[in-house]
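These are the residues of each chain, in order.
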There are 2 protein chains.
Amino acid sequence: MKLLEERIQRDGTVKEGNILKVDSFLNHQMDVELFDLMGKEFRRLFADAPVNKILTIEASGIGIACVAALSFHVPVVFAKKTQTLNIDGQVFSSKVDSFTHKKTYDIIVSKKFLTPEDHILIIDDFLANGCAVLGLIDLIRAAGATLEGVGIAVEKGFQSGGQRLREMGIRLESLAIAESMDASTGKVTFREQPRQS
Amino acid sequence: MKLLEERIQRDGTVKEGNILKVDSFLNHQMDVELFDLMGKEFRRLFADAPVNKILTIEASGIGIACVAALSFHVPVVFAKKTQTLNIDGQVFSSKVDSFTHKKTYDIIVSKKFLTPEDHILIIDDFLANGCAVLGLIDLIRAAGATLEGVGIAVEKGFQSGGQRLREMGIRLESLAIAESMDASTGKVTFREQPRQS
């Protein structure tokens, strides 16, 4: 999505260690009008998928997921992060390793809100090593629901998450894929994506 | 807002200890089309306020805030909860006592995203004892920004938060105020609010 790539290049910051900061418009301050255009692009890309629910994970995925859900006319469910040791039987749970925070946490969704009838689109703001998305896929499988695809705002193409998901046969649409970044110049090079606007 | 009151009565669950569960449409599974109508109602109620930014707190406030922000045509900033002891100089921070989780945590917002030029509307899903909102007000004051008001989806009118904020002279609009709840019948009684739709 050219508009998002341009915005990342203009307002994002590249730091040493392949860190891309987009907190001025994506995941701390949030430009909801950009989110609305991103939601419409997800809708176009998944136009043929019978999505009836969007699944995301707290916290920064919730904004994009909710605004995108307006274009799909479906509800959103967000997985909660918890460090509670005793997970009761009322929830589906999975373990996620956080690279950023260097710890493992549980993610949970109430069994009431994921069922075998559900056709799920996962939406999240970032895809790096893919651990969060793989955790969400665990929950979907445990519920017997159908995964229709994964929509990501910004994929770090030089980390393994995107490749892992594509090799699993999962339909993955990332609106911008950062192929490489240069902290000295701030330049981000994006992967060409012909299907995208 | 009659529509929200009816939805709470229909799909909410009252439990012993004055607990109101609305997780099927408000704060775990989220009905974004209801959020859109709630956002339009906030816009109507704060039509004369020169709001240029919405502030909320992770996680469950983010969805309502982002969808409401589409009606205001302004960005959203969400405060992050952290238990990190070393808060650096790049953020405004405040301490919040969580009644639900029985602990104290820090909330932080980057100094980049709250400035003296900002006119802030706080939006959150629930108001009970008001600690989260008071923490957000702390951040706004530290930044020298202007608080235009507070918009809440569901206020527990029998807890002290609403009264405290109103006595401070803060403009508070809660779309539904639960005055009392009966766990044996599931009945919720709402406060009359003439200005609201």
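Reading guide: rules and limits
Residues numbered from 1 in each chain as written. Chains lettered and ligands numbered in written order. Predicted model: local features only at pLDDT ≥ 70, side-chain atom pairs only at ≥ 80, totals over all residues. Heavy atoms only, no water. Helix = DSSP H or I, 4+ residues; strand = E, 2+ residues; numbered from the N terminus. Contact = heavy atoms within 4.5 Å. Areas by Shrake-Rupley, 256 points an atom, 1.4 Å probe, with all protein chains shown as cover. Lys, Arg positive; Asp, Glu negative; His and termini not counted. Charge placed at Lys NZ, Arg CZ, Asp CG, Glu CD. Least-squares fit on C-alpha atoms with pLDDT ≥ 70 in both. Expected span 1.5 Å × (residues − 1). Buried < 20%, exposed > 50% of the residue type's maximum accessible area, 1.4 Å probe, protein only. Axes fitted to C-alpha atoms, helices over the stretch in contact; angles between N-to-C directions. Parallel < 35°, antiparallel > 145°, perpendicular 65-115°, else oblique. Left-handed = near helix turned anticlockwise from the far one by under 90°. Salt bridge = Lys/Arg side-chain N within 4 Å of Asp/Glu carboxyl O. Arc of directions from axis to C-beta. Polar contact = N/O pair within 3.5 Å; in protein donor to acceptor, adjacent residues only side chain to side chain. Core = buried A, V, L, I, M, F, W, Y, C linked by side-chain atoms within 4.5 Å. Nonpolar A, V, L, I, M, F, W, Y, C, P; charged D, E, K, R; others polar. Pairing = 2+ DSSP bridges.

Can you break down the overall build of chain A residue by residue, with the values?
On a plain count of helices and strands, chain A comes out with five helices and 11 strands. In chain A, the proportion of contacts linking residues at least 24 apart, taken out of those at least 6 apart, comes to 59%. Taken as a whole, chain A presents about 8,500 Å² of accessible surface, with 50% of it coming from carbon and sulfur. For chain A, the centre of its 24 positive side-chain charges and the centre of its 26 negative side-chain charges are spaced 2 Å apart.

Run through the relation of the copies chain A and chain B, naming residues and quoting values.
The two chain copies are connected by a rotation around an axis plus a translation along it. Once turned by 180 degrees and shifted 0.0 Å along the axis, chain A lies on chain B with an RMSD of 0.0 Å. Expressed as a symmetry operation, the mapping of one chain copy onto the other fits a two-fold axis. Interface overlap between copies is the fraction of interface residues in one copy that are interface residues in the other; for chain A against chain B it reaches 100%, indicating a shared surface.

Break down helix α3 (residues 61–72) of chain A for me, citing the residues and quoting the values.
All names here are of chain A. If you check α3, its first and last C-alpha atoms are 16 Å apart, about what 12 residues at 1.5 Å a residue would give, namely 16 Å. Among the 12 residues of α3, 12 are classified as buried, and the element is accordingly described as predominantly covered. Of all the positions in α3, only G61, I62, G63, I64, A65, C66, V67, A68, A69, L70, S71 and F72 are classed as buried. Positive phi appears at H73, one or two residues downstream of α3, with a value of about 55 degrees.

Describe in detail the packing of helix α2 (residues 32–45) of chain B against helix α3 (residues 61–72) of chain B, supporting the description with residues and values.
Residue and element names in this part refer to chain B. One can describe the packing of α2 onto α3 by two numbers: an axis separation of 8 Å at closest approach and a directional angle of 55 degrees. By the criterion of interaxial angle, the relationship of α2 to α3 is oblique. Judged by the twist between their axes, the crossing of α2 over α3 is right-handed. Between α2 and α3, the residues in contact are V32, F35, D36, M38, G39, K40, F42 and R43 and G63, I64, V67, A68, S71 and F72, respectively.

Tell me about the pattern of salt bridges, and please be specific about residues and values.
Residue and element names in this part refer to chain B. Scanning the entire structure with this criterion turns up 28 salt bridges over all chains. Between K40 and D36 there is a salt bridge whose closest N-O contact spans 2.8 Å. Of the two residues, K40 and D36 are both situated in helix α2; the distance of four residues between them amounts to about one turn of the helix. The class of K40 is partly exposed, set by a relative accessible area of 45%.

A description of α2(B) should follow, citing residues and the corresponding values.
Residue and element names in this part refer to chain B. Under the 1.5 Å per step criterion, the end-to-end length of α2 is 20 Å for 14 residues, consistent within 8% with the ideal 20 Å. Listed in full, the buried residues belonging to α2 are V32, L34, F35, M38, G39, E41, F42 and L45. The buried residues of α2 all sit within an arc of 165 degrees when viewed along its axis, so they share a single face. Sitting at the amino-terminal end of α2 is D31, which places a side-chain oxygen 3.1 Å from the backbone nitrogen of E33.

Can you break down the environment of L55(B) residue by residue, with the values?
Residue and element names in this part refer to chain B. Inspection of the secondary structure assignment puts L55 in strand β4 (residues 53–57). We classify L55 as buried; its relative accessible area is 0%. Between the C-alpha atom of L55 and that of V109, which follows or precedes it by 54 residues, the distance is 9.6 Å. Aside from chain neighbours lying at most four places away, what touches L55 is V77, A79, V109, I120, L121, I122, I123, L136 and I140.

Can you lay out the side chain of K156(B) for me, pointing to particular residues and giving the numbers?
All names here are of chain B. Topologically, K156 is positioned in strand β9 (residues 146–156). Summary of buried charges: K156 has no salt-bridge partner, and the nearest side chain of opposite charge, D125, is 11 Å away. If sequence neighbours within four positions are ignored, K156 has contacts with N18, I19, L20, F126, L127, A128 and A178.

Before we move on, can you summarise the environment of V91(A) with the specific residues and values?
Residue and element names in this part refer to chain A. You can see V91 is positioned in strand β6 (residues 91–98). On the basis of relative accessibility, which here comes to 18%, the residue V91 falls in the buried class. Separated by 43 residues in sequence, V91 and L134 have C-alpha atoms that sit 17 Å apart. Beyond its immediate stretch of four places on either side in the chain, V91 contacts I108, V109, S110 and K111.

I'd like to hear about the nonpolar core, residue by residue, with values.
Counting residues in hydrophobic clusters, the biggest one holds 85 residues, and the most contacted among them are I8(A), M38(A), L4(B), I8(B), L26(B), M38(B) and I54(B). With near-sequence residues (within four places) excluded, M38(A) lies in contact with M1(A), L4(A), L26(A), I64(A), A153(A) and L175(A). Grouped together as the second largest cluster of nonpolar side chains are 28 residues, I57(B), V77(B), L136(B) and I140(B) included.

Break down the packing of helix α1 (residues 2–11) of chain A against helix α2 (residues 32–45) of chain A for me, with residues and values.
When two helices pack together, their arrangement is given by the angle between their axes and by how far apart the axes lie. All names here are of chain A. Remark: α1 packs on α2, axes separated minimally by 10 Å, with the N-to-C direction vectors making an angle of 145 degrees. Contact with α1, carried on its side by L3, L4 and R7, involves L34, L37 and M38 of α2 and no other residues of that element. Its residues assigned to classes, the contact of α1 with α2 shows five nonpolar, no polar and one charged.

Could you give me a rundown of the pairing of strand β7 (residues 103–110) of chain B, with the residues and numbers involved?
Residues and elements named next belong to chain B. The element β7 is largely enclosed, with a buried count of six among its eight residues. With three bridges connecting them, strand β5 (residues 76–82) and β7 associate as antiparallel partners. Residue T82 lies in a different strand from β7, and its bridge partner there is D106. Relative to β7, strand β6 (residues 91–98) runs antiparallel, the two being bridged by eight bridges. Opposite S93, over in β7, you have I108 as the bridge partner.

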